[in-house]
Structure formats: structure tokens, C-alpha cells
Number of protein chains: 2
Amino acid sequence: MSLKNILLRTINQKNKFINLSASAVKVSNQEQYGHGGQQKKNYGYNRRTMATALFSSVVVGTMASAEKSDKNKNKNEDKTVEAGTIRPDLPTFRAEEVSKHDNEKSFWVTYKNGVYDVTAFLPSHPGGDQILNAGGLSIEPFWNVYGMHKTEEVYALLESYRIGNLHEDDVVDHSDEEMWVKEPSRDRRLVVKTARPFNAETPAKLQVAYFDTPNELFYVRQHMPVPELDQSSHRVKVIVKDGGVTSKEFSLQDLSRFPKGTVRAALMCAGNRRSEMNEQVKPVKGISWQGGAISSAVWEGVYLRDVLVHCGVDTHNTAGKHVIFTGADIDATGQNFSTSIPLDQALNPNSRIVLATSMNGRPLPPDHGYPLRVVVPGAPAVRSVKWLESITVSHEESPSHWHQKDYRSFNASKTWETADFASAPPIYSLPVTSAICDPVNGDTVTVKNGIVEIRGYAYSGGGAKILRVDISPDCGNTWIQAEEMQSDDAPPQQHYGWTLWTARIPVKRGQKELKLWAKATDSNFNTQPETFHDIWNIRGVLSNAYHKIKVQIKH
Amino acid sequence: MSLKNILLRTINQKNKFINLSASAVKVSNQEQYGHGGQQKKNYGYNRRTMATALFSSVVVGTMASAEKSDKNKNKNEDKTVEAGTIRPDLPTFRAEEVSKHDNEKSFWVTYKNGVYDVTAFLPSHPGGDQILNAGGLSIEPFWNVYGMHKTEEVYALLESYRIGNLHEDDVVDHSDEEMWVKEPSRDRRLVVKTARPFNAETPAKLQVAYFDTPNELFYVRQHMPVPELDQSSHRVKVIVKDGGVTSKEFSLQDLSRFPKGTVRAALMCAGNRRSEMNEQVKPVKGISWQGGAISSAVWEGVYLRDVLVHCGVDTHNTAGKHVIFTGADIDATGQNFSTSIPLDQALNPNSRIVLATSMNGRPLPPDHGYPLRVVVPGAPAVRSVKWLESITVSHEESPSHWHQKDYRSFNASKTWETADFASAPPIYSLPVTSAICDPVNGDTVTVKNGIVEIRGYAYSGGGAKILRVDISPDCGNTWIQAEEMQSDDAPPQQHYGWTLWTARIPVKRGQKELKLWAKATDSNFNTQPETFHDIWNIRGVLSNAYHKIKVQIKH
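First things first, this report covers the structure right here in the doc. In this text the structure is predicted, and so the values were computed from the model without any measurement.

Conventions we followed
- Residues numbered from 1 in each chain as written.
- Chains lettered and ligands numbered in written order.
- Predicted model: local features only at pLDDT ≥ 70, side-chain atom pairs only at ≥ 80, totals over all residues.
- Heavy atoms only, no water.
- Core = buried A, V, L, I, M, F, W, Y, C linked by side-chain atoms within 4.5 Å.
- Buried < 20%, exposed > 50% of the residue type's maximum accessible area, 1.4 Å probe, protein only.
- Contact = heavy atoms within 4.5 Å.
- Pairing = 2+ DSSP bridges.
- Helix = DSSP H or I, 4+ residues; strand = E, 2+ residues; numbered from the N terminus.
- Axes fitted to C-alpha atoms, helices over the stretch in contact; angles between N-to-C directions.
- Salt bridge = Lys/Arg side-chain N within 4 Å of Asp/Glu carboxyl O.
- Polar contact = N/O pair within 3.5 Å; in protein donor to acceptor, adjacent residues only side chain to side chain.
- Arc of directions from axis to C-beta.
- Phe/Tyr/Trp six-rings, centres within 6.5 Å; stacked < 30°, edge-to-face > 60°.

**Quick look at the nonpolar core**
Okay, so step 1: If you look at the biggest cluster of nonpolar residues, it comprises 73 residues, and the most contacted ones within it are Leu-255, Leu-308, Phe-325, Leu-355 and Ile-391 of chain B.
Okay, so step 2: If we skip the residues at most four places from it in the chain, Leu-255 of chain B touches Val-236, Phe-250, Val-302, Val-307, Leu-355 and Leu-372 of chain B.

Right under this line is the structure:
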């Protein structure tokens, strides 16, 4: 049964909408923006089931999907009575309070209505650090994946750590997990921010360990479950709505007949470094990314421009037109993920937009769009739609919620009440940013010959190249230029890679602590703002002020 | 008599050659780069006097050159009494003795009757190594070209290095002003920063009065006297040094056979708003521009790219190559003005670089490059070389002083002693900036219906378009988005115009004073730094922090 069918069945059975509270997706908004059944007719939802053989060739997994699904179902029915019922003798906590206990000093989880302090259990967890992914969260989604937990012994053990009840408004129904059972396995080193949908950062020190991030360490940003697709049967439809409507369908083999397109591009979430804005100014909404929502790869396929020109797109009269990308991932209402970019940007050869089938010389992994994604270099990664099913040239931007109600820019004084998404500019390109990755904040670093060596990344969208990274060891009084800069060969205007840098900071004898600020300058000589105060915005996007950390020094 | 001839006569009178040995612009280099005497035969310095009729048709001016020239002369005479008079308390030197002190170990110059040991001053010279051209000689011919030296401060500084008197028989009259008598008349409304060379701002309120700045109000930045050229005899030579050397020469009529090229581009000096950096942090060297060193025009001619392709430039192997632009303006040593841009940038269609013969629908005025200039949109205006005589594709950047020793970027901690120009990146594109133009700082403004209306400009280089301008009336606590935005239709990546904006600021009853901050956000979502502190640099370029003014309120 396909994911879409599972979802639709679930919706019908429950006769209500699934609460995707961890995501920004609101059902009402989707309806408002016209993503009902009518739209779907045009896009043609002719998916085919992914062959099991193919699946196992690209996914590292040990438990067959079908088996797993059945197992979970049986166990859920038997055991769920045991744990997580309301205990009137215990206090009640809000999910927000629980979420703060997400570290080894204080580690809480929830299960149905129960709240548990399992800090003392952490060293004994048979699955090791994997448990840390559930810090401050419900363990149900994890246990639905790691079904071995669903035994009476484990439920009893869990209840022994019981400290309270989860506020009723914060209890989420996790029983419907079928849609997630086909999720690919992920590298354990990724720092999970949300399990479902799966959102995870590349650990800071691993970011700077590789100029091209290994595929399995590339940060993951999903809005929905990962769809199952098959490269041999996959088709992408190019629809041109310009006066009349024309459409052409391409298999991956059809696409491979176009000249080869390739680009080295870092992809960054528009919300990368949001946590700093959140902590240093005031709360924002969105996944609390540290600096790990950026990674780099070489993407290969064909150039979008060539395909659009082949399909007869008018390359001269481009003003006011858009290219809508639609992915195979579906939300709880059956709505496909979709967003758009201006046609000018799509056709501009400098944009180097690739319809990619390959990532760092290997087929795209399921988490990164297998078998086809568009890569829009320099733009927020949301525009690089995965599992690409259709490309529509239109006089309208994508009407989807994700396009209309997110990834737009507001000034620091706009509130959720005053922000007008319709008139706010969508973010199609990213500003200059940088981060110190090694050491990370709070580390103890060792001085060698009076020097502390630090490493990090810097990046700028719109084709700009990083020209300089400066580090201040004294809150802006002096600036030390990073000496080693590793970057792509592409010239400015077409440069989409990130820059990895190394700086050497002299420290004084006996100095105990070091505050470090990083700022980058790009080839347009734009620099980062000093603080987040004036770039704060309700969604916490474009969070590119100086990166500031504090480390202890060991002589 | 042409400027060059005037200069050569001066040199001949003195019966010796100017020693160019220590300059970055070595005579040998000029020959190497084809700008020596031999080259000049090719370029044909057969300039003719510009027809008065033509001259008056393109320049709106009220002050005749002669009249203005007299004025300046009087001013000079007032001040020069201070320096170079005979000091009986000091020893006397012969010119021959002085001429031996022409190197960095012992560096003497003369001024009228004075002899000065300025060895200790060399590292601090704002014009860098250019001063080395005057070693062992009189500085007067140089100061006649670089008129910014003629201030009381500089005379006083010079006298502080006084060591003796020049023997009376060796004192030469350098009061030769002939080179300046052909300067065009200028509009009286321009705000003159230096008279010789002529550097003047567009007044702030006139900047925002026109979307395309009238030619006569376009700010003027000259390094040397304005050369006299004739459109009918003018030739531009395209030299391609790539393995072999090929060259082609084009008259303006030849150029007109290429497809028409046009671009709306604001040109901005890299030092625009330098005065704010100077005042708010610490002194920088350079013309103390307010915000008036930016204006906008529509430039027409042909695309540089088309001409380069026509001349057989290899459009694929571009890495590490440069396009050197050489103008007809000459300095005191006979050196033509020259700078370069990367070949990648020159060939990129997005760059929209125009070989312009027309400015806002009229022939280029003499002050703006008549009859031919290159316009490099989005780059600091210095790259838009006026009076264009040659275009050289080369494996080297321009070797000129202006290219090698200026218009480069340093961090805030670099001093004149530590700055390494050779490794510093040349500025080929400008960051986002903005300014409030009406009212100006210190004005008294009138409230209408509780609102003060303010106007200004915003601009970003590299093809970026301004998406938002925000004004804070309370030092960053709240931000008000400008409502009216006037900009060019070109899409981002190819947008080179400025944006004129209007914002409406509510004021309280009885409020006496209003502090206003302006910041712009461009299509890459880059914003301006809050303060100048961390972008300060020795040359005061890229001075793009928030623009802050204070006005009085009249109810």
C-alpha cells in the first residue's frame, strides 16, 4: 500500500485530521490556498510502488517493512494499556517545560499521558546514545520505529521513572504510525531535532571535517514522511501554462539525454542558526536549528534551463512568471509539497539550477530526494524540492501553504498579527553567514605554541563567494583574518559552494577563557549584522548575525 | 596644448627625467603592458579641441572655466605663502644634492624654496607609493595634478619636515596651471569636495528628486584633469594577450554596428558615505564624501561582452584572466588611468557591462567620459573607466597604482603598516547601502497629520535588487517599512539601478526631535551593519552601516 493510500485510509478511519503540530502545516490554510482534489487532477498522481529490491539497495535497514508494520500493530494492541495513563497523584507539565529537559543532566520523555525523568537510566540504555534523540519529547514515535521496546518489562521500567502527567492539550496521538514505517534508516551521528517528520543537523565538528559532506551526514529537513519512489518508473512532468497549457513527461532516461549539468552547492535551511535568534532576542517559531542545517555536495543531472527551453518556455517574456516544483511527499490531507521560484531565476544560466539524480557521485539517498530533486543553488533549501514529480511554468507562484505562508521576510517589528504574508517577499536567495564549528560553545580547547586553532564554515547565496572571514577574540576590538580558506573554483556570480576556514588565535599565558566572534565578507562585500536584534523576525529565518561562542582554555 | 605635452614640457625644462624607479607603475611595466611611447603612437594622441558648440550642448553650467580657474588660483595663492618660504635659520642645498635623496632610506622633496626630509612620512602617505615618484624633486607638479594636497593642514604637515632651503638658482616656477584650463564648467549645485581634480557630490535632496539623475547633477569623481577628446577621431583598441597578442581598433562608428546595449545603473564611489565612518569611528584617508557620491543613469552603447567575443576572446578558459580598461586621463608622470575587472565578470551576460556613448539619452558629458566610457554595473564606479582608450585582456590585473594600491578591502584591525595590498581582494562589487536624503541631518521638518515623510535611496551591487527599506524612529526599538519604492524593472541578478523610497513616520504630539535610522535589505537578504565600528578600514571604503540622522520637529 502506498504512503498516499495509507494516509487517506487513516484520515477516513479517524474521521479527523492528523495533528502535525511539529510541522508548520495547517490544514485550513491549505484549503484556503486551493489544494483540494481539483488541483491534483492536473498534476497526475500516477505513483508506482517502489520495488523492494531497489529499496534495499539504497537504504541500510535490517527489518523488512511489512514485517515491521505487522509487529507494531500487534504489540500496540496488547500493551498500550500498561503505561502512560493519567496519575492524579502526580503534577502536570506542559510539553514546553518537558522539552527543556533534553540533556544528560536532566532528561525527560513522555509516553501518552505520562512524563518520565529517565536521566538516571541513560547510561544503561541498551541502544546507547540513540535515546538522546528523544530528549524532552514523546518516545512513542521512536518506539514505533524501534519496536523492541514494546514489552511489559520495558513499560514497567518506564513507569518506575514516572514523575508526572503531560497536560492534556499537549498529548498527541502517536498510534497511527503506519505512514512512517518506510522511513529510511539514518546515520546515528546526525543530531535529531524532530523525529517525525525527520529533521536533523550535521554535527558541527563533522561539518568542517569534509569539504563535500558525506551523503549520510548531510543534514535532513523533511516536511512529511519520505515517499517511496522507483527510478525506473519515475516520471517528471513539465507543464507550461502560458496562454494555453502544454505538458511533456520525462523518464530519468529521457532526462539523461540532455547535456550533463553539475554544480557544487551548499544547501542551507532558511532557518539555520534560528536557535541563536531565539535565545539572544526573543522566541521565534520553527525548528530550533543550531548551525548544522547546512551541508555541501556536488549535484549532477541536467540543467533545468535546458529542459525548460526544450519544452518551449518563452525565454524573453519572463516577467511575473514562476516555476512551481512539486514533490511526491504528501501531508496529512493528501497535499503534495510544492514551492516555486521566479522564471527569471530558473532561466538564468548563472543560477546553475540542476535536476539532480546524483549527490557526490552516488544516487540521491531517499532522504535527499531519490530518484530526482531540483537543486536551486544559493536559494534556501526549501526551493530545492525533493522527489520531484512536476515542474509547472505559471503566471502564479505556488499556491501551497509552504510557499505562501512560510519562507518570507519581515522586519523585526512585525508580529503574527501584523505580518502580511501576501505582500512579503519570498526568500529566493540567502545572505552571507558563518559559524565556528570546532571548537563548539562550551568546549575546552588546548593551546599549542600560544595559539588556539579554530575552524568553521562561511557561505553566501546569490552566487556570491566568501572573500574573507574575520574572528574577534575580544568582542570586536580586534579582528584576525582566517588564513586558510577552502572553496570551490567557480567565479563570483556563479559560486554556490561554502567556504571552510581555519583561523589561528593567539592567547595570553594564563588566559582561562576565550570569547570568539566570527563574521564573513562575501564577494559583494556584504557582511553579517553584529547582532540578531534588528534582523529578528517571527519565523526566525535569515538568522545570520555574528556567531559568538565561549570556550575554556587549557594550557 | 594637451595635458601630456604640458607635463612633458615641465619635465624637459628641468632637463632630467622623473625617477619612476620606486613606483608600482614602472615605466618598464608600462611598456610591457603596451602603454609606453610606442603604444601611444598606436593610440594616436591626436586629440582635437572639442568644439565649443558640442561642449555647450552637453554641459549645463553657469560658471565659465576661466572664471572658476581664477578663483581657485586665488585660493591657492592665499595658502601657499605658508610653505616654502626662505628660512634663514636653515642650511641651503643644491638641487643636485636633493636629487640623491630619492629612495625609502632617505627621501627628500622640495616645495618652492623649501627642502624637506619626508622619509618618516612615506608609510603614512594617503596616496601610497605614488609619492615615490617625487623623490629628490619638487612636489609642485604633482600637487598641481593632485590638488587635494593644497590645504593648510598639508602645508603645515610639510613644514614640519623642513630641513633647509633650495639654492635660489635651482628654484623653478611650477605655477603652471595650463593643464586645468580646459576643465568643463560644472553645475553650481554640485557640492564640491576638491576642485582639482574635480570631485563633487550630488546634493542629497536632488538625489531623490529624480529617479535618473540629470547628467549635470550626476556626482563627479576625477583622479586627474579631464582630457579633451573628439568623438569623430576617437578610437578604442582591444588587445588580447592570451598566448599571442592580437589587437583591433574601433571607431565609435565601428562600435555602433554591434547590437545596442543598455543598462540602468547607479554608479557609486567605493568611498561614498566615508565621512560617517570617519566621524563615528576614527580617521580614514580619502575624499570625505557624505552620501552624495552615488547617482543613477541609463547608459547606452554596446555590450562589452559582444565586443570581446567579436575579438576572439576565449569565453571558456577565463579563470585567472582580467580585462584592463585604460582611460585617456593622465597623471603627473604621464601615466594613464587604468584599472581592471576579472574576465569572468566581463563576459558574464548578467553583468550587463556597456561601452557607453550615451547617458540618459544624451552624449556623455566630458565629466562622465566623453566620448566613450565603460559602465560596469554593480561595481565601484572606479571600474567604469572614462575616456576609454583601450581594453586589454590579460593574465594580469591592471598594474596601475589606482588598481594595485587602492579600492581594496581590509578588516578593521589593518593599519597602513600591516595592510598588504597585494593579497587584499580588489572591490569588484558593492554591498547593500541606503541613506536618508530628505530631510538631511539637522533639518527642521514639519509634521502633517501626525506624520513626517522622509525620502532616500537604497542600492546594492552585484545585480541585487532592494526589497525593503526599514526606518527606526527610536534607535532600533521599532522599525517602519518604507511604503513607496521606485526601482528598475530588471530582475534580481541583473538589477543595477538604485531604489528611491518614501517612508511615513508617526510622531507624538509635542515631540521636539526625531532620530532616524535607515537600513535596506536586498534580494539576497543581505542587510547593512548596525555601526561602522567593525567595517572600519584604512581607506574608508564600503562604508555601508545604518544611516543615522537627527532632525528637529515643527508641529
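**So, the sheet that holds strand S24 (residues 484-486) of chain A**
Residue and element names in this part refer to chain A.
Okay, so step 1: In space, the 4 strands of this open sheet follow the order S19-S21-S25-S24, with antiparallel pairing throughout. Of all strands in the sheet, those bounded by a partner on one side alone are strand S19 (433-438) and S24. The sheet shows a mean angle of 25 degrees between the axes of neighbouring strands, taken without regard to direction.
Okay, so step 2: As defined by bridge partners, S24 adjoins strand S25 (residues 499-506) across 3 bridges and the pair is classed as antiparallel. In the strand pairing of S25, Gln-486 is matched with Leu-500.

**A short note on the interface of chain A and chain B**
Okay, so step 1: Taken together, the contacts link 49 residues of chain A with 50 residues of chain B.
Okay, so step 2: At the boundary of chain A with chain B, the tally comes to 0 salt bridges.
Okay, so step 3: Put simply, chain A and chain B have 25 residue pairs in polar contact (both at pLDDT 80 or more) between them.
Okay, so step 4: Within the residue set of the side of chain A that touches chain B, elements represented by two or more residues are helix H13 (343-347), strand S22 (466-472), strand S23 (480-481) and strand S26 (513-522) of chain A.

**Examining the pairing of S26 of chain A**
Regular strands have side chains that alternate between both faces of the sheet.
All names here are of chain A.
Okay, so step 1: The element S26 is extensively covered by neighbouring structure, given that 8 of its 10 residues are classed as buried.
Okay, so step 2: Here S22 runs beside S26; their pairing, made up of 6 bridges, is antiparallel. Bridge assignment links Asp-470 to a residue of S26, and that residue is Lys-519.

**Digging into helix H8 (residues 152-159) of chain A**
Okay, so step 1: By the burial criterion, the buried members of H8 of chain A are Tyr-155, Leu-158 and Glu-159 of chain A. Axial view of H8 of chain A: buried residues confined to an arc of 95 degrees, hence all on one face.

**Some details on the sheet that holds strand S14 (residues 336-342) of chain A**
Residue and element names in this part refer to chain A.
Okay, so step 1: Ordered in space as S10-S9-S18-S13-S14, the 5 strands form an open sheet in which the pairing is mixed. One side of each edge strand has no neighbouring strand; the edge strands of this open sheet are strand S10 (244-251) and S14. Averaged over all pairs of adjacent strands, the angle between their axes in this sheet comes to 15 degrees, without regard to strand direction.
Okay, so step 2: In terms of strand pairing, strand S9 (residues 235-242) meets strand S18 (residues 388-394) through 4 bridges, oriented parallel. If you follow Val-238 over to S18, its bridge partner there is Ile-391.

**Looking at the pattern of salt bridges**
Side chains that carry opposite charge are capable of pairing whenever their charged atoms lie near each other.
All names here are of chain A.
Okay, so step 1: Applying the stated criterion across every chain, the model contains 47 salt bridges over all chains.
Okay, so step 2: For Arg-264, the salt bridge is made with Asp-488, and the minimal N-O distance between the two is 2.9 Å. In this pair, Arg-264 is assigned in strand S11 (residues 260-268) and Asp-488 in the loop between S24 and S25, connecting sequence segments 224 residues apart.
Okay, so step 3: Using a relative accessible area of 14% as the deciding quantity, one classes Asp-488 as buried.
Okay, so step 4: One salt-bridge network, held together by shared partners, links Glu-453, Glu-483, Glu-484 and Arg-504.

**Focus on the packing of aromatic side chains**
Okay, so step 1: Counting across every chain of the model gives 28 aromatic pairs over all chains.
Okay, so step 2: Seen in terms of ring centroids, Tyr-111 of chain A and Tyr-155 of chain A are 5.8 Å apart; in terms of plane orientation they differ by 45 degrees. Their pairing is tilted. Here Tyr-111 of chain A is found in strand S3 (residues 106-111), whereas its partner Tyr-155 of chain A is found in helix H8, with 44 residues between them in sequence.
Okay, so step 3: A ring pair is formed by Tyr-219 of chain B and Trp-289 of chain B, whose centres lie 6.0 Å apart and whose planes are at 85 degrees; its orientation type is edge-to-face. Taken together, the residues span a long stretch of sequence, with Tyr-219 of chain B in the loop between helix H9 (204-207) and strand S8 (220-221) and Trp-289 of chain B in the loop between helix H11 (274-280) and strand S12 (294-303) at a distance of 70 residues. A single burial state applies to Tyr-219 of chain B and to Trp-289 of chain B, both of which are buried.
Okay, so step 4: By way of ring pairs, the aromatic residues Phe-218, Tyr-219, Trp-289 and Trp-299 of chain A are connected into one cluster.

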